[in-house]
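Summary of the model geometry
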Amino acid sequence: MVKKIPTPGCFVNTRIIRDNFKRHMAAEAETERKALKYIAYNMTVPVRARIQAQLKLATMPNYTRMNQPKNRCVVSGKGRAVLSEFKMSRHQFRMAAQNGELPGVKRATW
């Protein structure tokens, strides 16, 4: 049975869908990866078990790694210059702040 991964509720292009897939798969495999890493780096565990853990980690797909997902803008889908607190690119953040769409954000005056 194929699990259906929910799509984000924003502008959707293939990069956003791919990133969303990577986020869900990384979250699912996080506990298994952490357990295998603990076994692989623990010096008190027998060498054979450590090597088996390392091999299992090496054979896991790349999209199960936690560093695979990238911060993307929820409005435009851009992957660069994303403000992580707002999940928006700097351009979209600036436009939304000027229009007063972001609560608590105002223009700086010197």
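Residues numbered from 1 in each chain as written. Predicted model: local features only at pLDDT ≥ 70, side-chain atom pairs only at ≥ 80, totals over all residues. Heavy atoms only, no water.

Notes on helix 1 (residues 14-41)
Bending of helix 1 peaks at approximately 50° at the position of Glu30. Residues of helix 1 that are buried include every one of Ile16, Asp19, Asn20, Met25, Ala26, Ala29, Arg33, Leu36 and Ala40, and no others. Buried residues along helix 1 sit in contact with helix 2 (47-59). (Bend = angle between axes of the 7 residues up to and from the residue. Helix = DSSP H or I, 4+ residues; strand = E, 2+ residues; numbered from the N terminus. Buried < 20%, exposed > 50% of the residue type's maximum accessible area, 1.4 Å probe, protein only. Contact = heavy atoms within 4.5 Å.)

Here we look at helix 2
Spanning 13 residues, helix 2 covers 18 Å between terminal C-alpha atoms, matching the ideal 18 Å at 1.5 Å per step. Residues of helix 2 that are buried sit in contact with helix 1. (Expected span 1.5 Å × (residues − 1).)

Side note on unusual backbone geometry
With phi around 55°, Ala81 is a residue other than glycine that occupies positive phi space. Inspection of the secondary structure assignment puts Ala81 in the loop between helix 2 and strand 1 (82-83). With a relative accessible area of 43%, Ala81 lands in the partly exposed category. Phi at Lys87 takes a positive value of approximately 55°, unusual for a residue other than glycine. Within the secondary structure layout, Lys87 lies in the loop between strand 1 and strand 2 (88-89).

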